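Here's the letter readout for the chains.
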Amino acid sequence: MLAVLATTFPFFALVLCGWLAAQRGLLPDSAIPGLNGFVLFFALPCLLLRYGRDTPVWQLLNPSLLGVYLAAALLIVAFTLACTRSPPLGMKDAAFGALVAAFPNSGFMGVPLIVALLGPTAGGAVVSTLLADLFVTSSLCIALAQAGAGGAAGRAAFVQALKAAGANPLPWAIAAGACVGASGLVLPAPLAKTVAMLGDAASPVALFTIGAVLSRSGRANRAAGRVTPYRLYLPVAAIKLLLHPALAFALGAAARGLGAPLSAGQLVALPLVAALPSASNVSLLAERHGADTGRIAHIILASTALAFLTFSGLAALLIEPAAG
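Analysis parameters
Residues numbered from 1 in each chain as written. Predicted model: local features only at pLDDT ≥ 70, side-chain atom pairs only at ≥ 80, totals over all residues. Heavy atoms only, no water. Salt bridge = Lys/Arg side-chain N within 4 Å of Asp/Glu carboxyl O. Helix = DSSP H or I, 4+ residues; strand = E, 2+ residues; numbered from the N terminus. Buried < 20%, exposed > 50% of the residue type's maximum accessible area, 1.4 Å probe, protein only. Contact = heavy atoms within 4.5 Å. Core = buried A, V, L, I, M, F, W, Y, C linked by side-chain atoms within 4.5 Å. Polar contact = N/O pair within 3.5 Å; in protein donor to acceptor, adjacent residues only side chain to side chain. Patch = residues over 30% accessible without salt bridge, like charges linked within 9 Å, V, L, I, M, F, W, Y side chains within 5 Å. Areas by Shrake-Rupley, 256 points an atom, 1.4 Å probe, with all protein chains shown as cover. pLDDT = per-residue confidence, 0-100. Expected span 1.5 Å × (residues − 1). Bend = angle between axes of the 7 residues up to and from the residue. Phe/Tyr/Trp six-rings, centres within 6.5 Å; stacked < 30°, edge-to-face > 60°. Axes fitted to C-alpha atoms, helices over the stretch in contact; angles between N-to-C directions. Left-handed = near helix turned anticlockwise from the far one by under 90°.

Q: Explain the pattern of salt bridges to me, please; I cannot follow it from the model alone.
A: A side chain of one charge can pair with a side chain of the opposite charge if their charged atoms are brought near each other. Tallying each qualifying case throughout the model produces three salt bridges. Here Asp29 and Arg219 are joined by a salt bridge, their closest N and O atoms 2.8 Å apart. On the criterion of sequence distance, the pair formed by Asp29 in the loop between helix H1 (2-23) and helix H2 (32-54) and Arg219 in helix H10 (residues 189-223) is long-range, its members being 190 residues apart. Overall, the relative accessible area of 31% leaves Asp29 in the partly exposed class. Ionic pairing is found between Asp54 and Arg53, a salt bridge with its closest N-O pair at 2.9 Å. Look at Asp54 and you get exposed, because its relative accessible area is 54%. Judged by relative accessible area, Arg53 falls into the partly exposed class, the value being 32%.

Q: Sorry, what's going on with the side chain of Asn221 here?
A: In this structure, Asn221 sits in helix H10. The class for Asn221 is buried, based on a relative accessible area of 5%. Discounting chain neighbours no more than four positions away, the residues touching Asn221 are Arg226, Thr293, Gly294, Ala297 and His298.

Q: Whenever I open this one, the nonpolar core confuses me. Can you help?
A: Note that soluble globular proteins tend to have their nonpolar side chains buried in a common cluster. Among the nonpolar cores identified, the biggest contains 91 residues, and Leu48, Phe96, Leu272 and Phe311 are the most heavily contacted of them. No other element matches the eleven residues that helix H14 (residues 293-323) contributes to this core. For Phe311, the contacting residues outside a window of four places in its chain are Thr8, Leu113, Ile114, Leu117, Leu272, Ala275 and Leu276. Membership of the second largest hydrophobic core comes to six residues, among which are Ala21, Ala22, Leu27 and Val213.

Q: Would you explain the environment of Thr84 in this entry?
A: Following the sequence through the fold, Thr84 ends up in helix H4 (residues 63-84). Sequence separation of Thr84 and Val236 is 152 residues, and the distance between their C-alpha atoms is 8.5 Å. Discounting chain neighbours no more than four positions away, the residues touching Thr84 are Leu89, Ala94, Val236 and Arg295. Polar side-chain contacts of Thr84 include one of 2.6 Å to the backbone oxygen of Thr80.

Q: Please clarify how a nonpolar patch on the surface should be interpreted in this entry.
A: On the surface, Leu16, Trp19, Leu20 and Leu301 cluster together into a nonpolar patch covering about 330 Å² of accessible area. If one sorts the elements of the nonpolar patch by residue count, H1 sits on top with three residues. Within the secondary structure layout, Leu20 lies in helix H1. Judged by relative accessible area, which is 38%, Leu20 ranks as partly exposed.

Q: Before we go on, may I ask you to explain the confidence of the model for the chain in this structure?
A: Close inspection of predicted coordinates is inappropriate in any region flagged by low pLDDT. Chain-level statistics for the chain give a pLDDT mean of 91 and a share of 96% at 70 or above. Helix H8 (residues 151-167) is the least confidently modelled element of the chain, averaging 76 in pLDDT, while helix H11 (residues 234-257) averages 97, the highest of any element.

Q: Looking at this structure, I do not really get helix H7 (residues 123-145). What am I missing?
A: Every α-helical turn comprises 3.6 residues, leaving residues that sit three or four positions apart pointing alike. Between the first and last C-alpha of H7 there are 31 Å, a value that for 23 residues agrees with the 33 Å anticipated at 1.5 Å per step. At Asp133, H7 shows its largest bend, some 40°.

Q: So what exactly am I meant to see when it comes to the environment of Arg24 here?
A: Here Arg24 lies in the loop between H1 and H2. Taking the C-alpha atoms as reference points, Arg24 and Ser215, 191 residues apart in sequence, are found 9.8 Å from one another.

Q: Please explain the packing of aromatic side chains as it appears in this structure.
A: Pairs of aromatic rings are described using the distance from one ring centre to the other and the angle between the two planes. Considering all chains together, one arrives at four aromatic pairs under this definition. Ring geometry for Phe38 versus Phe42: centroids 6.5 Å apart, planes at 20°, classification stacked. Of this pair, Phe38 and Phe42 both sit in helix H2, separated by four residues, roughly a single helical turn. For Phe38, a relative accessible area of 28% gives the class partly exposed. One aromatic cluster is present, built from ring pairs that chain together Phe9, Phe12 and Phe308.

Q: How do you make sense of helix H9 (residues 169-183) when you look at a structure like this?
A: Taking 1.5 Å per residue as the helical rise, H9 with its 15 residues ought to reach 21 Å, and the 21 Å between its terminal C-alpha atoms agrees with that figure. The distance from a side-chain oxygen at the start of H9 to the backbone nitrogen of Leu170 is 2.9 Å, and the residue carrying that oxygen is Asn168. Just downstream of H9 lies Gly184, where phi reads positive at about 75°.

Q: Quick question: what am I supposed to make of the packing of helix H6 (residues 106-118) against helix H12 (residues 264-274) here?
A: Packed helices, taken two at a time, are described by the angle their axes make and the gap between the axes. Where H6 meets H12, the axes come as close as 11 Å, and the angle between the chain directions of the two elements is 140°. Crossing handedness for the pair H6 and H12: right-handed. Listed contacts from H12 to Ser106, Ile114 and Leu118 of H6 are Gly265, Val268, Ala269, Leu272 and Val273.

See the structure below:
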């Protein structure tokens, strides 16, 4: 457990540093979009390009891994909707609550954290789940959020969400890396060094940015006088941190027992991805679609704060027996 905490602590400490910097005014809110843009359009694509290059395509698109992960995500979406869709929450707010329950922060936090715990070979599994969430989970929940406006509106929202996922630089970076790896192309040394430097910057800046975004969201909610009762966000955070990883592990173990080509490492990586805190960008999606951003921000903040204990505990439970 101490060895796991020694690995996870710096990641969550960087999130806390970002939160404190924004809280104390050391990082102005006007600078946060710039940090976010640097991570999303420069640093993280370079990091994912490296994993796409170094991971065989069949591992990036492993149908067994994708099937297990998507099955767990869709079940979590359905369960969260069933548990939360009641007054005062309508379909739109329930759908975005389901999205934060099923969409882990695999891009900004999961790739570097799980690779640090399991080694570089785990990168392919995390990247696969990121693609599934970008194209399927988020698109489905956005369509469900618009379902109350009619079937045509829901279909249009789904198509628009797919287009937005296609415009995201992260899938293209993964695809570019896969093409480089499959072709055997070697980048010129100056370009390779630039990619390496940007990729190395992704993890610390992304984690720092998560903390800053959480601080900004919390202060915005207080300034607007939005008060979210515990019962509207803590149960969803518990679903994210406890039920989602348990379901991912159970489905993965069952699929492996039935002969699915899932390695022991992938069986550990799947629940660890699911145990990550909620993706921080969901609050931006909720704001764009007119959902209750205060509630979504509370879920993300609670899941991020509690994940230090829940994620670290699960990692110790899964990794130490495997190491033994």
